[in-house]
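Residue strings, one per chain:
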Amino acid sequence: MWGKSIEAVSSERYDRLPPVPVQPHVRLWDGDWNFLSSLVCEADWEWELNDASVVTVTVTEDSPYYDTLKNPQAWPKTTLYLTADIGEARWSGRITQMSHQQAGQGRKGIVLSVTSDYVKLKELLAWANPFLPDQIQFPKAHILFGPAKWVVSSIIFSNLLRRGNSLWKLPDRIINVSQWLDLDMSGWPVVLRPPTMVGDKSPMAITSARFETVDEVIQPIMEDAGLCVEWRRYLPGDPQINDLKGVRRGALILEVVDKSGWTAEGTSLVGSVVSGLVRSVTKVAANGFDQSTETITKPTVPDEYQRARYWGTVPSMPWVVLDENSGCKKLGLEWTPPGPSQFVGGGNSMLGVNETIKAGIIGLGGFIGAMFGQSQAGATAEAILEPLYKDTIAAFQSKKDHLRIREQGWDYPFEAPLITGRANSLSMLSKIRMKRAETAGKLTAEVELPPEGPYIPGPPGHGDFWIGDRVAIDVGVGKLIVQHVTSIKWKQDKGWRVKLGPLKRRTGDAYLADRLDRISQAAHTLGVW
């Protein structure tokens with residue numbers, strides 16, 4: 001329980017809440033990121049966790065730049081961008097469609113479809129070898145192994161480098177000598193904040209890329225490790241970024257952030273309105289299936305919270321509680337109770353069982369047949385008996401979640417559908433654990449926050465919590481449950497709406513089995529087998 005530590009953080013934070021405007025400051029930019037105009041428009045601005053959102057923006061005829069915007073032939077560039085500043089939060093994206101329609105009350109308007117800047121990762125391929133020309137792609141796949149945050153950052157950076165300063169392609173502006181064979185990122189339209197392996201507590205990951213999109217390559221890793229790609233446009237008037245000096249105004253700044261709470265100190269999962277949040281750590285038993293949660297009675301306070309004027313949420317110590325006492329309005333809460341408690345998998349015998357039986361029949365039959373001059377009798381008998389013995393011994397296994405049964409009661413949902421595969425293998429254990437996770441109880445919620453606070457969404461340094469962060473919600477009877485922020489939306493004239501839900505993650509033996517499967521796929525891609 002956090003006690004005085006969280007009270008001190010909250011008290012200091014309330015003293016310096018920035019004013020939040022009623023209306024976002026929306027600006028229009030051309031493809032060179034020259035400012036064109038501010039806009040008068042209506043839209044619900046949404047950020048989604050590790051995905052691109054599409055926002056519909058209605059620009060009325062009384063807006064500046066309306067006459068130019070409604071005529072695509074008059075656009076200064078064929079590509080136009082929008083940014084929306086809401087307090088310290090900033091949304092940005094590219095106009096992907098424009099149409100004319102009546103905007104209501106007899107007014108004419110323009111409707112714009114704007115796709116958020118996360119789409120840049122869906123428009124960037126992960127080459128097999130981003131350091132070689134397209135005609136020579138050796139080896140067959142770009143394979144990386146290391147801490148998940150470093151792996152994801154390396155995949156993104158190596159392909160941004162290929163775009164920004166390729167050794168083998170002519171630069172976009174050939175006459176600009178500074179773009180030739182130069183690692184200077186000042187001219188890059190998309191820049192990644194450099195990661196560090198020092199203090200990287202994300203789990204180990206492996207990936208192989210062969211011309212999939214960068215988003216497709218990094219999504220499984222981010223889901224498993226609880227990572228989030230944060231993006232923000234660097235605009236005129238913004239303070240200088242210390243680790244990215246010289247970056248051009250208008251550049252999209254990407255950063256891979258660990259939101260998981262993967263630490264030996266654990267994190268908060270539940271709590272109560274009276275006693276606060278409780279830190280705990282989940283441990284997996286030796287059988288790879290059973291798990292338990294242990295409460296940490298003397299938790300340590302993260303270093304970030306002890307810094308002067310820190311603003312944000314640390315995954316191992318969430319502090320934001322969305323309840324009615326803080327002015328939040330619960331718009332909806334959906335609870336899916338846990339499903340079956342016994343899981344059966346199999347269909348194929350454990351590796352070596354069928355082979356042992358086959359060898360035994362051939363050997364014994366051959367020995368007996370040799371006595372009568374029929375040494376091939378063993379092979380004949382095995383061919384006849386194979387349909388009878390194959391996949392009958394050690395071909396199925398079952399696991400029961402006793403903790404779930406105790407929570408469900410006497411008449412509990414019994415068995416899940418059969419999980420097909422090879423029994424008594426690491427792969428099957430992985431599938432069983434994944435099925436248990438799929439049938440576990442799930443909580444999703446949507447909360448409306450008043451514009452004036454007390455909580456202000458925004459990236460670290462700009463707000464209390466942001467996409468992927470862990471926050472608590474009051475689910476009734478004084479109980480708090482911690483979930484991840486999966487979506488943040490600014491609703492026109494209504495303020496912030498926040499969606500909470502679980503992350504798609506695999507842990508324990510399931511996580512290890514997935515890593516082994518990726519190693520096998522990478523080796524197959526390379527042609528090893």
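Structural data are supplied above this passage.
Notes on the structure follow.

Rules used in this analysis
- Residues numbered from 1 in each chain as written.
- Predicted model: local features only at pLDDT ≥ 70, side-chain atom pairs only at ≥ 80, totals over all residues.
- Heavy atoms only, no water.
- Helix = DSSP H or I, 4+ residues; strand = E, 2+ residues; numbered from the N terminus.
- Buried < 20%, exposed > 50% of the residue type's maximum accessible area, 1.4 Å probe, protein only.
- Contact = heavy atoms within 4.5 Å.
- 1 Å grid on protein atoms, 1.4 Å probe; cavity = no way out; pocket = protein on both sides within 12 Å on 5 of 7 lines; lining within 4 Å.
- Points joined across faces, edges and corners; volume = space filled by probe spheres on them.
- Nonpolar A, V, L, I, M, F, W, Y, C, P; charged D, E, K, R; others polar.
- Phe/Tyr/Trp six-rings, centres within 6.5 Å; stacked < 30°, edge-to-face > 60°.
- Pairing = 2+ DSSP bridges.
- Axes fitted to C-alpha atoms, helices over the stretch in contact; angles between N-to-C directions.
- Parallel < 35°, antiparallel > 145°, perpendicular 65-115°, else oblique.
- Left-handed = near helix turned anticlockwise from the far one by under 90°.
- Polar contact = N/O pair within 3.5 Å; in protein donor to acceptor, adjacent residues only side chain to side chain.
- Patch = residues over 30% accessible without salt bridge, like charges linked within 9 Å, V, L, I, M, F, W, Y side chains within 5 Å.
- Areas by Shrake-Rupley, 256 points an atom, 1.4 Å probe, with all protein chains shown as cover.
- Salt bridge = Lys/Arg side-chain N within 4 Å of Asp/Glu carboxyl O.
- Core = buried A, V, L, I, M, F, W, Y, C linked by side-chain atoms within 4.5 Å.

Regarding its fold elements, the protein presents nine helices and 27 strands. In the protein, which comprises 529 residues, the share counted as buried stands at 47%. In the protein, the proportion of contacts linking residues at least 24 apart, taken out of those at least 6 apart, comes to 70%.

Tallied over the entire structure, the rule returns two cavities of 30 Å³ or more. By volume, the second largest cavity is sized at about 70 Å³. Lining the second largest cavity are Trp-47, Glu-48, Asn-50, Cys-228, Val-229, Glu-230, Trp-231, Trp-466 and Ile-467. Those elements that place two or more of their residues in the lining of the second largest cavity are β4 (45-48) and β14 (227-233). No other element matches the four residues that β14 contributes to the lining of the second largest cavity. Each residue belonging to the lining of the second largest cavity can be placed in one class, and the counts come to six nonpolar, one polar and two charged.

Attention shifts here to the packing of aromatic side chains. Taken as a whole, this structure holds 12 aromatic pairs when the rule is applied. With centroids separated by 5.5 Å and ring planes inclined at 70°, the aromatic side chains of Trp-29 and Phe-35 adopt a geometry described as edge-to-face. In this structure Phe-35 comes out as partly exposed when scored by relative accessible area, which is 45%. Taken together, a centroid distance of 5.9 Å and an interplanar angle of 70° make the contact between Trp-319 and Tyr-455 edge-to-face. One end of the pair, Trp-319, is in the loop between β18 (291-295) and β19 (321-322); the other, Tyr-455, is in the loop between β24 (442-449) and β25 (470-476), and 136 residues separate them in sequence. For Tyr-455, a relative accessible area of 6% translates into the label buried. Aromatic ring contacts, followed pair by pair, group Trp-29, Trp-33, Phe-35 and Tyr-81 into a single cluster.

Consecutive residues of a regular strand have side chains that alternate between opposite faces of the sheet. Burial within β14 is extensive, with seven of its seven residues counted as buried. Of the two faces of β14, the one holding Leu-227, Val-229, Trp-231 and Arg-233 and the one holding Cys-228, Glu-230 and Arg-232 are both buried throughout. Two strands pair when backbone bridges link them, and β14 and strand β15 (residues 252-258) are joined in this way by seven bridges, in the antiparallel orientation. Bridged to Arg-232 within β15 is Ile-253.

Before going further, it helps to examine the packing of helix α3 (residues 148-164) against helix α4 (residues 214-225). With their axes 10 Å apart at the nearest point, α3 and α4 run at an angle of 165° to one another. With respect to α4, the element α3 is oriented roughly antiparallel. Handedness of the α3/α4 crossing: left-handed. On α4, the residues that touch Ala-148, Val-151, Val-152, Ile-155, Ile-156 and Asn-159 of α3 are Val-214, Val-217, Ile-218, Ile-221, Met-222 and Ala-225. Each residue belonging to the contact of α3 with α4 can be placed in one class, and the counts come to 11 nonpolar, one polar and no charged.

Mapped onto the elements of the fold, Glu-46 is located in strand β4. Separated by 2.7 Å, the side chains of Glu-46 and Ser-487 make a polar contact. Once residues lying within four places of it in the same chain are set aside, the contact partners of Glu-46 are Ser-53, Val-55, Trp-91, Ser-487, Ile-488 and Lys-489.

Packing of helix α5 (residues 353-371) against helix α6 (residues 377-389) leaves a shortest axis separation of 7 Å and a crossing angle of 145°. Regarding α5 and α6, the two cross each other, and that crossing is right-handed. Each of Asn-354, Ile-357, Lys-358, Ile-361, Ile-362, Gly-365, Gly-366 and Gly-369 in α5 lies in contact with α6, whose residues at this interface are Ala-377, Gly-378, Ala-379, Ala-381, Glu-382, Leu-385 and Tyr-389. Residue classes in the contact of α5 with α6 are distributed as eight nonpolar, five polar and two charged.

With that settled, the discussion passes to the environment of Ser-116. Note on placement: Ser-116 falls in strand β8 (residues 107-116). Assessed through its relative accessible area of 0%, Ser-116 is described here as buried. For Ser-116 and Val-54, which are 62 residues apart along the polypeptide, the C-alpha to C-alpha distance reads 6.3 Å. If sequence neighbours within four positions are ignored, Ser-116 has contacts with Asp-51, Ala-52, Ser-53, Trp-91, Ser-92, Gly-93 and Trp-231.

Let us now look at a nonpolar patch on the surface. Nonpolar side chains collect at one region of the surface, where Leu-364, Phe-367, Ile-368, Met-371 and Phe-372 lie side by side and expose about 600 Å² of accessible area between them. Residue placement: Met-371 occurs in helix α5. Residue Met-371 is classed as exposed on the basis of its relative accessible area of 56%.

Let us now look at the nonpolar core. In terms of nonpolar packing, the biggest core is built from 92 residues, with Trp-45, Trp-47, Val-57, Leu-82, Leu-112 and Ile-156 touching the most fellow members. Residues within four places of Leu-82 in sequence aside, it is in contact with Val-26, Arg-27, Leu-28, Leu-39, Trp-45, Val-57, Trp-91, Ser-92, Gly-93, Ile-95, Leu-112 and Val-114.

What follows deals with the pattern of salt bridges. If the charged atoms of two oppositely charged side chains come close together, the side chains can form a pair. Inspection of the entire model under this criterion finds 17 salt bridges. A salt bridge links Asp-401 to Arg-436, with the shortest nitrogen-to-oxygen separation between them at 3.9 Å. Of the two residues, Asp-401 sits in the loop between β22 (396-400) and α7 (402-408) while Arg-436 sits in helix α8 (residues 426-438), which places them 35 residues apart along the sequence. Close ionic contact of Arg-497 with Glu-448 constitutes a salt bridge, the shortest N to O distance being 3.4 Å.

The next thing to look at is the sheet that holds β15. Strand order in this open sheet of three strands is β11-β15-β14, and the pairing throughout is mixed. The open sheet has two edge strands, β11 (190-192) and β14, and neither has a second partner. Pairwise comparison of adjacent strand axes, ignoring direction, gives a mean angle of 25° for this sheet. Two strands pair when backbone bridges link them, and β11 and β15 are joined in this way by three bridges, in the parallel orientation. Bridge pairing links Val-190 to Leu-252 in β15. This element, α3, spans β11, β14 and β15 of the sheet and lies at about 145° to β11.

Shape descriptors only; they carry no functional weight alone.
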